[in-house]
Amino acid sequence: KNEVEQSPQNLTAQEGEFITINCSYSVGISALHWLQQHPGGGIVSLFMLSSGKKKHGRLIATINIQEKHSSLHITASHPRDSAVYICAAAGPAQGGSEKLVFGKGTKLTVNP
Amino acid sequence: NAGVTQTPKFRILKIGQSMTLQCTQDMNHNYMYWYRQDPGMGLKLIYYSVGAGITDKGEVPNGYNVSRSTTEDFPLRLELAAPSQTSVYFCASSLSETQYFGPGTRLLVL
């Protein structure tokens, strides 16, 4: 069993819809990351959460430490949001760095 | 700032050949990482470094070597390429929490 599970694997939405992507993890973590991988392959960090909720524009990320669960929400989705969204659980590593364990990603397609 | 740069973008290797994937960052980050991404799988950590001269193994280090002689550079070496090393390789760097990723190197071993 993968230590980080995402659902759904694939998601198709119509422009304007509210999107939710879920992430469950089975390991102890110091933080939870959400990343976006563009269709061209580039990867960008969206959020790092250790508790509660963070918002950036139309993106909202929440985490429930007790339930080991995080969600990424996209409000008023747009075709440019089409990408793979990746959840990663962070654990401590040498020298203050962190090791990330990644989910397999959720491929989001937003149709106009 | 160029951020994190990787070369080459794409390479085909024959089984048994060796090569070095280059990674450079100009943000003065202490932490650097190498990941591989296989189709349908999550990214996996190969090696990481917390500063010049200090490296450590990640989840899938077999078949790879790294060195960190400067803060800027973190090359990944494949000594005897195998088909199982066909993948997309990403380098990343961070100062604390946010990791900044390079554009990736696509490697095909035939």
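Keep in mind the model is a prediction, meaning the values are calculated, not measured.

A few points about the nonpolar core
Now for step 1: Ranked by internal contacts, the top residues of the largest apolar core, which has 23 residues, are Ile 19, Ile 21, Leu 32, Trp 34, Leu 72, Tyr 85 and Leu 108 of chain A.
Now for step 2: Of all elements in the fold, only strand E2 (10–14), strand E3 (19–25), strand E4 (31–37), strand E5 (43–49), strand E7 (59–64), strand E8 (69–74), strand E9 (83–92) and strand E11 (106–111) of chain A reach the threshold of two or more residues within this core.
Now for step 3: Leaving out residues up to four positions away in the same chain, Leu 108 of chain A has contacts with Leu 11, Ile 19, Ile 74, Asp 81, Ser 82, Ala 83 and Tyr 85 of chain A.
Now for step 4: Membership of the second largest hydrophobic core comes to 21 residues, among which are Ala 88 of chain A together with Tyr 33, Leu 43 and Ala 92 of chain B.

Overview of the sheet that holds E3 of chain A
Residues and elements named next belong to chain A.
Now for step 1: Here we have five strands laid out as an open sheet, ordered E1-E3-E8-E7-E6, and antiparallel in their pairing. The strands lining the two open edges of the sheet, one partner per strand, are strand E1 (4–7) and strand E6 (52–56). Sheet twist, expressed as the mean angle between neighbouring strand axes with direction ignored, is 15°.
Now for step 2: Relative to E8, E3 runs antiparallel, the two sharing six bridges. What sits directly across from Ile 19, in E8, is Ile 74.

What to know about the sheet that holds strand E8 (residues 76–78) of chain B
Residue and element names in this part refer to chain B.
Now for step 1: As summarised here, the arrangement of the four strands in space is E1-E3-E8-E7, forming an open sheet in which the pairing is antiparallel. The two strands at the open ends of the sheet, each matched to only one other strand, are strand E1 (4–7) and strand E7 (64–66). On average, adjacent strands in this sheet sit at an angle of 20° to one another, irrespective of strand direction.
Now for step 2: In terms of strand pairing, strand E3 (residues 19–25) meets E8 through three bridges, oriented antiparallel.

Overview of the interface of chain B and chain A
Now for step 1: On the chain A side, the residues contacting the 20 residues of chain B number 19 residues.
Now for step 2: Surface buried jointly by chain B and chain A totals about 1700 Å² across both partners, of which 57% is contributed by carbon and sulfur atoms.
Now for step 3: Considering only the side of chain B, the residues that lose the most area to chain A are Leu 43, Glu 97 and Phe 101 of chain B, jointly responsible for 27% of the buried surface there.
Now for step 4: Scanning the region where chain B abuts chain A turns up zero salt bridges.
Now for step 5: Summed over the shared surface of chain B and chain A, the result is two residue pairs in polar contact (both at pLDDT 80 or more).

Observations regarding the state of the cysteines
Now for step 1: All told, the structure shown has two disulfides over all chains when counted by the stated rule.
Now for step 2: The residue that forms a disulfide with Cys 23 of chain A is Cys 87 of chain A, at a sulfur-sulfur distance of 1.8 Å. The S-S bond linking Cys 23 of chain A to Cys 87 of chain A shows a torsion near -50°; that makes this disulfide left-handed. In this pair, Cys 23 of chain A is assigned in strand E3 and Cys 87 of chain A in strand E9, connecting sequence segments 64 residues apart. When sorted by exposure, Cys 23 of chain A lands in the same class as Cys 87 of chain A, which is buried.
Now for step 3: Here Cys 23 of chain B connects covalently by a disulfide to Cys 91 of chain B, the sulfurs 1.8 Å from one another.

Observations regarding the pattern of salt bridges
All names here are of chain A.
Now for step 1: Taken as a whole and assessed by the stated rule, the structure comprises four salt bridges over all chains.
Now for step 2: The closest approach of N and O atoms between Arg 58 and Asp 81, which form a salt bridge, is 2.8 Å. In this pair, Arg 58 is assigned in the loop between E6 and E7 and Asp 81 in the loop between E8 and E9, connecting sequence segments 23 residues apart.
Now for step 3: Asp 81 gets classed as buried once you look at its relative accessible area, which sits at 7%.

Description of the environment of Leu 13 of chain B
All names here are of chain B.
Now for step 1: Tracing the backbone shows Leu 13 in strand E2 (residues 10–13).
Now for step 2: With a relative accessible area of 0%, Leu 13 lands in the buried category.
Now for step 3: Through-space distance from the C-alpha of Leu 13 to that of Leu 80 is 10.0 Å; in sequence the pair is 67 residues apart.
Now for step 4: Leaving out residues up to four positions away in the same chain, Leu 13 has contacts with Ser 18, Met 19, Ala 81, Leu 107, Leu 108, Val 109 and Leu 110.

Reading the values: rules and limits
- Residues numbered from 1 in each chain as written.
- Chains lettered and ligands numbered in written order.
- Predicted model: local features only at pLDDT ≥ 70, side-chain atom pairs only at ≥ 80, totals over all residues.
- Heavy atoms only, no water.
- Core = buried A, V, L, I, M, F, W, Y, C linked by side-chain atoms within 4.5 Å.
- Buried < 20%, exposed > 50% of the residue type's maximum accessible area, 1.4 Å probe, protein only.
- Helix = DSSP H or I, 4+ residues; strand = E, 2+ residues; numbered from the N terminus.
- Contact = heavy atoms within 4.5 Å.
- Pairing = 2+ DSSP bridges.
- Axes fitted to C-alpha atoms, helices over the stretch in contact; angles between N-to-C directions.
- Buried area = accessible area lost by both parts, 1.4 Å probe.
- Salt bridge = Lys/Arg side-chain N within 4 Å of Asp/Glu carboxyl O.
- Polar contact = N/O pair within 3.5 Å; in protein donor to acceptor, adjacent residues only side chain to side chain.
- Disulfide = S-S within 2.5 Å.

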